[in-house]
Amino acid sequence: MKKMIIYSLKEKSNAERCKIIQDLFGYVDKSNKSQYIYKRKGKLDGINFKKERNNILYFNSEIDRKRVIEIFKEAKIKFFLA
């Protein structure tokens, strides 16, 4: 049975949302007019999940789900378990 987490960033400013998303999922960093491209890792790298829409994460493993819950609590992200 798949487990789901629904999270919300509505109460955050645009700058905070961008920072949180980059911290969670990672991002591509380009420098010197895109001559150099670096993949920056996020906190959710190494965790097995499926992202559905913008704010829903599905998990097959309860261990991965608990790790994400701890990350969300640490980042003060509002979430719901389903």
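Look up: the structure comes first, before these words.
How each quantity is defined
Residues numbered from 1 in each chain as written. Predicted model: local features only at pLDDT ≥ 70, side-chain atom pairs only at ≥ 80, totals over all residues. Heavy atoms only, no water. Salt bridge = Lys/Arg side-chain N within 4 Å of Asp/Glu carboxyl O. Helix = DSSP H or I, 4+ residues; strand = E, 2+ residues; numbered from the N terminus. Buried < 20%, exposed > 50% of the residue type's maximum accessible area, 1.4 Å probe, protein only. Pairing = 2+ DSSP bridges.

Caption draft 1: Region of the structure containing the pattern of salt bridges. Across all of its chains, the model carries seven salt bridges by this definition. Arg 65 is the salt-bridge partner of Glu 62, the closest N and O atoms lying 3.7 Å from each other. Pair noted here: Glu 62 and Arg 65 are both in helix 2 (residues 62-74), with a separation of three residues, about one helical turn. Look at Glu 62 and you get partly exposed, because its relative accessible area is 31%. For Arg 67, the salt bridge is made with Asp 64, and the minimal N-O distance between the two is 3.8 Å. Of the two residues, Arg 67 and Asp 64 are both situated in helix 2; the distance of three residues between them amounts to about one turn of the helix.

Caption draft 2: Spotlight on the pairing of strand 2 (residues 27-31). Sheet topology note: the strand 2/strand 3 (residues 36-40) ladder contains five bridges and is antiparallel. Looking at the pairing, Val 28 lines up with Lys 39 of strand 3. Connecting the antiparallel pair strand 2 and strand 3 is a turn made up of four residues, with Asn 32 showing a positive phi of about 55 degrees.

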